[in-house]
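# Structure assessment
Residues per chain are reported as follows:
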Amino acid sequence: MEIFVEQECEMRLVVAPDYSIGVATRLWYSPHDPYAVYVDFHTGSDTRTTWVFARDLLAQGIVRASGDGDVRIRPARAGRRRVLYLALSAPGGQALFQAPLAVVERWLKRTHQVVPRGEESQLLDLDVELCELLGEAA
């Protein structure tokens, strides 16, 4: 999938209230999947874990606490800094990340410049998508 908007940033894995570990991450967006955003967590030299969730969930999470499933997002302050908390849950465990809110906001704004909110459906060919889901030729 071709990536159109990406941003490298360091998130902090919150291990304890006063202890966190830096994790290199890459936020990316492609109009080929216009409703989704991707976050790659680089967990080793050649290892990465990718989470995919709704772009609208991230947009809401920048403003107020959002999400009630595997992905929960909320803005906060850490001292004088504005941060974004990203809580991820999977069968193997849970993780809480802290990201610089300004970096995520700027990147999200760039995704909306590529595909404005509300125009995502114009990029989808539903007939082709349905055929792919059903394993049929278009």
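The structure reproduced in this document is the subject of the present report. (Residues numbered from 1 in each chain as written. Predicted model: local features only at pLDDT ≥ 70, side-chain atom pairs only at ≥ 80, totals over all residues. Heavy atoms only, no water.)

Let us look at the sheet that holds strand β2 (residues 19–29). Consider a sheet: its strands pair through backbone hydrogen bonds, and that pairing is either parallel or antiparallel. Taking strand neighbours across the sheet as the criterion, the seven strands line up as β4-β3-β2-β1-β7-β6-β5 in an open arrangement whose pairing is antiparallel. Both outer strands of the open sheet, β4 (48–54) and β5 (71–78), are each paired with one neighbouring strand and no more. In this sheet, neighbouring strand axes are inclined to one another by 30° on average, regardless of whether the strands run parallel or antiparallel. Pairing of β2 with strand β3 (residues 36–42), which is carried by four bridges, proceeds in the antiparallel orientation. When the sheet's bridge partners are listed, Thr 25 is paired in β3 with Phe 41. The strands that helix α1 (residues 55–63) touches are β2, β3, β4, β5 and β6 (81–90); relative to β5, the one it contacts most, it runs at about 25°. Contacts between helix α2 (residues 101–114) and the sheet are confined to β1 (5–16), β2, β3, β5, β6 and β7 (93–100), with β1 contributing the most and set at about 145° to the helix. (Pairing = 2+ DSSP bridges. Helix = DSSP H or I, 4+ residues; strand = E, 2+ residues; numbered from the N terminus. Axes fitted to C-alpha atoms, helices over the stretch in contact; angles between N-to-C directions. Contact = heavy atoms within 4.5 Å.)

Take the nonpolar core next. Within the largest apolar cluster, 28 residues are counted, with the highest numbers of intra-cluster contacts made by Met 11, Phe 41, Phe 53, Leu 58 and Leu 86. In terms of residue count, α2 provides more of this core than any other element does, five residues in total. Setting aside residues up to four positions removed in sequence, Leu 86 forms contacts with Met 11, Phe 41, Phe 53, Val 71, Arg 72, Ile 73, Ala 95, Leu 96 and Phe 97. (Core = buried A, V, L, I, M, F, W, Y, C linked by side-chain atoms within 4.5 Å. Buried < 20%, exposed > 50% of the residue type's maximum accessible area, 1.4 Å probe, protein only.)

On to the side chain of Thr 25. If you trace the backbone, Thr 25 turns up in strand β2. Taking relative accessible area as the criterion, Thr 25 reaches 1% and is therefore assigned buried. In this structure the side chain of Thr 25 is engaged in a polar contact, spanning 2.7 Å, whose partner is the backbone oxygen of Cys 9. Once residues within four sequence positions are removed from consideration, Thr 25 is found in contact with Gln 7, Glu 8, Cys 9, Glu 10, Met 11, Val 39, Asp 40, Phe 41 and His 42. (Polar contact = N/O pair within 3.5 Å; in protein donor to acceptor, adjacent residues only side chain to side chain.)

This part covers the pattern of salt bridges. All told, the structure shown has six salt bridges when counted by the stated rule. Among the ionic pairs, Arg 12 bridges to Glu 10, the shortest N-O distance being 3.3 Å. Residue Glu 10 is classed as partly exposed on the basis of its relative accessible area, which comes to 47%. One continuous salt-bridge network, built from bridges that share partners, spans Glu 6, Arg 26, Asp 40 and Arg 48. (Salt bridge = Lys/Arg side-chain N within 4 Å of Asp/Glu carboxyl O.)

Remark: the centre distance and the inter-plane angle together describe each pair of aromatic rings, the angle taken between the planes. Counting across every chain of the model gives two aromatic pairs. When the ring of Trp 28 is compared with that of Tyr 38, the centres are 4.0 Å apart and the planes differ by 15°; the resulting orientation is stacked. With Trp 28 in strand β2 and Tyr 38 in strand β3, this pair connects stretches of sequence that are 10 residues apart. A relative accessible area of 9% means that Tyr 38 is categorised as buried. (Phe/Tyr/Trp six-rings, centres within 6.5 Å; stacked < 30°, edge-to-face > 60°.)

This part is about α2. Under the 1.5 Å per step criterion, the end-to-end length of α2 is 20 Å for 14 residues, consistent within 8% with the ideal 20 Å. Among the residues making up α2, those that are buried are Leu 101, Val 103, Val 104, Trp 107, Leu 108 and Thr 111. On an axial view of α2, the arc spanned by its buried residues comes to 160°, and they lie on one face. Facing away from the buried side of α2, by more than 90 degrees, are the exposed residues Arg 106, Lys 109 and Gln 113. (Expected span 1.5 Å × (residues − 1). Arc of directions from axis to C-beta.)

Here the focus is a nonpolar patch on the surface. Nonpolar side chains collect at one region of the surface, where Val 15, Tyr 19 and Ile 21 lie side by side and expose about 290 Å² of accessible area between them. Along the chain, Ile 21 falls in strand β2. With relative accessibility at 37%, the residue Ile 21 sits in the partly exposed group. (Patch = residues over 30% accessible without salt bridge, like charges linked within 9 Å, V, L, I, M, F, W, Y side chains within 5 Å. Areas by Shrake-Rupley, 256 points an atom, 1.4 Å probe, with all protein chains shown as cover.)

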